[in-house]
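Each chain is listed here by its residues.
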Amino acid sequence: QLVESGGGLVQAGGALRLSCVASGRTVSSHAMGWFRQAPGGERDFVAGINWSGAITNYADSVKGRFTISRDNAKNTVYLQMNSLKPEDTAVYVCAADTDNYYCSGNGCYPGTPPASDFGAWGQGTQVTVSS
């Protein structure tokens, strides 16, 4: 089970830190990702990280503003979001690459991975950015 927290309402230019804790399973050997879904929209890739944290990947829309990280000892993945914009408003969902489609060994898919690469999902946390 993946459980997200840290969402909320913030003004444009503000920051939030999302957390995703895995319980009942260990995700330390799997890549993890954050996706987001706005009302009426599709589930879009935001950021990904391989099992060790050595490889990260971001959507162009969040590069330079968001940072993904992980603490395998705590079975937790984080998403630090800075300089938030109203267009970042969405439900943010974390996901685990349980079948190693996104990353395997020490390499990862070079582009934007599809949501179908990830086999386990959380329920999501709402992020709302006001202008």
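Look above for the structure.
Quick summary incoming for the structure in this document. (Residues numbered from 1 in each chain as written. Predicted model: local features only at pLDDT ≥ 70, side-chain atom pairs only at ≥ 80, totals over all residues. Heavy atoms only, no water.)

### Considering the pattern of salt bridges
One pass over the full model with this rule turns up 3 salt bridges. Residue Asp88 is joined to Arg36 by a salt bridge in which the shortest nitrogen-to-oxygen separation is 2.9 Å. Here Asp88 is found in the loop between strand S8 (76-81) and strand S9 (90-96), whereas its partner Arg36 is found in strand S4 (residues 32-37), with 52 residues between them in sequence. Exposure remark for Asp88: the relative accessible area of 0% places this residue in the buried category. Accessibility expressed as a relative area gives 13% for Arg36, which makes it buried. Residue Arg65 is joined to Asp88 by a salt bridge in which the shortest nitrogen-to-oxygen separation is 2.7 Å. (Salt bridge = Lys/Arg side-chain N within 4 Å of Asp/Glu carboxyl O. Helix = DSSP H or I, 4+ residues; strand = E, 2+ residues; numbered from the N terminus. Buried < 20%, exposed > 50% of the residue type's maximum accessible area, 1.4 Å probe, protein only.)

### Considering the packing of aromatic side chains
Enumeration according to the criterion identifies 6 aromatic pairs in this entry. With a centroid separation of 5.6 Å and 75 degrees between ring planes, the pair formed by Phe35 and Phe45 is classed as edge-to-face. Of this pair, Phe35 sits in strand S4 while Phe45 sits in strand S5 (residues 43-49); the two residues are 10 residues apart in sequence, bridging distant segments of the chain. For Phe35, a relative accessible area of 1% puts it in the buried group. Note on Phe45: relative accessible area 7%, which makes it buried. With 6.2 Å between their ring centres and 65 degrees between their planes, Phe45 and Tyr102 make a pair best called edge-to-face. Within this pair, whereas Phe45 is found in strand S5, its partner Tyr102 is found in the loop between S9 and strand S10 (103-104), the two being separated by 57 residues in sequence. With relative accessibility at 2%, the residue Tyr102 sits in the buried group. Site record: aromatic cluster; members linked through ring pairs are Phe35, Phe45, Tyr102, Phe118 and Trp121. The ring centre of Trp121 lies 4.7 Å from the NZ or CZ of Arg43, which sits over that ring. (Phe/Tyr/Trp six-rings, centres within 6.5 Å; stacked < 30°, edge-to-face > 60°. Lys NZ or Arg CZ within 6 Å of the ring centre and 35° of its normal.)

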